[in-house]
Structure formats: structure tokens, C-alpha cells
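Descriptive structure summary
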Amino acid sequence: SQTIHQWPATLVQPVGSPLSLECTVEGTSNPNLYWYRQAAGRGLQLLFYSVGIGQISSEVPQNLSASRPQDRQFILSSKKLLLSDSGFYLCAWVRSSQSLSSGNTIYFGEGSWLTVV
Amino acid sequence: DQQVKQNSPSLSVQEGRISILNCDYTNSMFDYFLWYKKYPAEGPTFLISISSIKDKNEDGRFTVFLNKSAKHLSLHIVPSQPGDSAVYFCAATVTDKLIFGTGTRLQVFP
């Protein structure tokens, strides 16, 4: 069976410090991978998605970046955090063979709470 | 630019009655529409979906209706149960992306 893990689960970082959130998927190959953020009072915002190693699509201009160094690994990073980066970050995946346009759902990780102070 | 909107941030319904959650969208290219349920500090879980070529899909207590001309969809929960209390997100797919709405907090009271 497939599983998705992301870590750390919770972190408190000072403004201006770097960030690295990691997500890995097990039990599948070549998944499509996604990073979402839920900020206070806002919905689930799509930040980045990737359809393959080294392929990153950015949805919103921001202080964050994403990388996919391995097939089942997706990393969310920042060189200098802002207060507005605080939120609940979610990694998600779907089998690349199961197109979202056919109604297949994506599966979410446990989430990471980031508080920038 | 919010392509998927849920204009009601909260909804309170008595147990046993119908809950109706609404969602509006702007992109006519969306292929599928989905509803998710989310508890605090957890990832969303999938509830039900509907193709853009259909107007209704039913699964147990959950029914989703799609009105393409109005670019509007709704989720009906009948009968509502206290365990249904959560935040509900509608979402829409286009190519490889899943775009979420802003969410509606449903509270079902006894």
C-alpha cells in the first residue's frame, strides 16, 4: 500500500531563518506531488506541484521554493522566512497514471505546522 | 484570483436535518469537482466527486449537485450527524492541478 510522510510535524522558526520541509511517498513510483498551505482564515492554497524529478511548477509568487531531487521526495524550502509564511503545510500525491482530470483524488500527508516568530 | 469560492465560512445545522454546502467557480475548463472533509491539524479526506458532464452524484448520505450554467455546485448531507462537524472544502481539477475553495465550517448540533 502507498503511504505519504512529511516532517517535521511542528516547528517554530524566527523571521529570517531558513526552512526545509520534507515529504516522501512510499509504495508507488513516479507520483505527481503537491505542496499546499492552509493559512489562518484562508483555504487550501496550491503552492507547487511536480510531475517528475526536477520538474516544479509554481502557482503563486512567494518566498518559498520547492525541489524534487528524487522520484518520491518533495522538499519545500525558504532561505529567509517571513511572518506571513506561518501556516499548515500539506504534501499530497496522486499516481501519475491516474489523471486528476478523470476524477481521481489526491492523498494528503499529516501536515506540518509552521509558526514564524 | 480565487477560482473556487465558498462564500459561507460557517454553517450550523441541527442533527437529522439537511446540510447544504455551496461552492462557486469561475474556470469553465475544470474537469472534475470534489468535496473534502478536514479536521484541524489533519490532511483533508475525500468525500465525493462529480464529473463536469454530470449534474448529480450520490453516495450514501452525501449528494453533490452541479449546475454548469451557473458555475455552482453544492453538497447535501442528509441526515446530518454530529460526526459531520468539520471544515468542508470543494475543489476542482484542471490538468494536473487540484484547486481548493476557502472552506466552510459545518457544525451539527444535537
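Here's what I pulled together on the structure shown here. Remember, it's a predicted structure, so these values are computed and weren't measured experimentally. (Residues numbered from 1 in each chain as written. Chains lettered and ligands numbered in written order. Predicted model: local features only at pLDDT ≥ 70, side-chain atom pairs only at ≥ 80, totals over all residues. Heavy atoms only, no water.)

Here we look at the interface of chain A and chain B
Between chain A and chain B, the residue contacts involve 23 residues of the former and 22 residues of the latter. Across the chain A/chain B interface, buried area totals approximately 1,700 Å², and carbon plus sulfur atoms make up 60% of it. When residues of chain A are sorted by the area they lose upon contact with chain B, Leu44, Leu100 and Ser101 of chain A head the list and together hold 28% of the total. Counting every contact that joins chain A to chain B gives one salt bridge. Between Glu59 of chain A and Lys97 of chain B there is a salt bridge, with the nearest N and O atoms lying 3.3 Å from each other. In this assembly, chain A and chain B are joined by five residue pairs in polar contact (both at pLDDT 80 or more). Counting only elements with at least two residues in the side of chain A that touches chain B, the list comes to strand E4 (31-38), strand E5 (44-52) and strand E9 (87-95) of chain A. Partitioning the side of chain A that touches chain B into residue classes produces 12 nonpolar, eight polar and three charged. (Contact = heavy atoms within 4.5 Å. Buried area = accessible area lost by both parts, 1.4 Å probe. Salt bridge = Lys/Arg side-chain N within 4 Å of Asp/Glu carboxyl O. Polar contact = N/O pair within 3.5 Å; in protein donor to acceptor, adjacent residues only side chain to side chain. Helix = DSSP H or I, 4+ residues; strand = E, 2+ residues; numbered from the N terminus. Nonpolar A, V, L, I, M, F, W, Y, C, P; charged D, E, K, R; others polar.)

A word on the packing of aromatic side chains
Enumeration according to the criterion identifies 15 aromatic pairs over all chains in this entry. When the centroid spacing of 6.4 Å and the interplanar angle of 25° are considered together, the rings of Tyr34 of chain A and Tyr36 of chain A count as stacked. Tyr36 of chain A carries the same exposure label as Tyr34 of chain A, and that label is buried. With a centroid separation of 5.3 Å and 55° between ring planes, the pair formed by Tyr36 of chain B and Phe100 of chain B is classed as tilted. Within this pair, whereas Tyr36 of chain B is found in strand E4 (residues 32-38), its partner Phe100 of chain B is found in strand E10 (residues 97-100), the two being separated by 64 residues in sequence. (Phe/Tyr/Trp six-rings, centres within 6.5 Å; stacked < 30°, edge-to-face > 60°. Buried < 20%, exposed > 50% of the residue type's maximum accessible area, 1.4 Å probe, protein only.)

Points about the nonpolar core
Counting 45 residues, the largest nonpolar core has Tyr36 and Ile106 of chain A together with Trp35 of chain B as its most contacted members. If one sorts the elements of this core by residue count, strand E9 (residues 86-94) of chain B sits on top with eight residues. Beyond its immediate sequence surroundings of up to four residues, Tyr36 of chain A is in contact with Leu44, Gln45, Leu46, Leu47, Phe88, Tyr89, Leu90, Ile106 and Phe108 of chain A together with Leu98 and Phe100 of chain B. Counting 20 residues, the second largest nonpolar core, distinct from the first, contains Ile4, Val25, Leu33 and Val116 of chain A. (Core = buried A, V, L, I, M, F, W, Y, C linked by side-chain atoms within 4.5 Å.)

Some thoughts on the side chain of Ser50 of chain A
Residue and element names in this part refer to chain A. Along the chain, Ser50 falls in strand E5. Overall, Ser50 belongs to the buried group, its relative accessible area being 1%. Separated by 2.6 Å, the side chain of Ser50 and the backbone oxygen of Gln55 make a polar contact. If sequence neighbours within four positions are ignored, Ser50 has contacts with Pro31, Asn32, Leu33, Gln55, Ile56, Arg68 and Phe74.

Considering the environment of Asn63 of chain A
All names here are of chain A. With respect to the helices and strands, Asn63 occurs in the loop between strand E6 (55-58) and strand E7 (65-70). Expressed as a C-alpha distance, the spacing of Asn63 and Lys80, which sit 17 residues apart in the sequence, is 7.6 Å. Aside from chain neighbours lying at most four places away, what touches Asn63 is Ser77, Ser78, Lys80, Leu81, Leu82 and Asp85. Polar contacts involving the side chain of Asn63 include one to the side chain of Ser78, which spans 3.2 Å. Polar side-chain contacts of Asn63 include one of 2.9 Å to the side chain of Asp85.

Overview of the pairing of E6 of chain A
Residues and elements named next belong to chain A. Across three bridges, E5 lies against E6 in antiparallel orientation. Opposite Tyr49, over in E6, you have Ser57 as the bridge partner. The hairpin formed by E5 and E6 contains two residues between the paired strands, and Gly54 there has a positive phi angle of roughly 75°. (Pairing = 2+ DSSP bridges.)

Points about the sheet that holds strand E8 (residues 73-78) of chain A
Residue and element names in this part refer to chain A. With antiparallel pairing, the four strands of this open sheet are ordered in space as E1-E3-E8-E7. Of all the strands in the sheet, the pair left with one neighbour each is strand E1 (3-7) and E7. Between one strand axis and the next, the sheet turns by 20° as a mean value, whatever way the strands run. Relative to E8, strand E3 (residues 19-26) runs antiparallel, the two sharing six bridges. Residue pairing in the sheet places Cys23 in a bridge with Phe74 of E8. (Axes fitted to C-alpha atoms, helices over the stretch in contact; angles between N-to-C directions.)

Side note on the sheet that holds strand E3 (residues 19-25) of chain B
Strand pairing in a sheet relies on backbone hydrogen bonds. The paired strands run either parallel or antiparallel. Taken in spatial order, the five strands of this open sheet run E1-E3-E8-E7-E6 (chain B), and their pairing is antiparallel. The two strands at the open ends of the sheet, each matched to only one other strand, are strand E1 (4-5) and strand E6 (56-59) of chain B.

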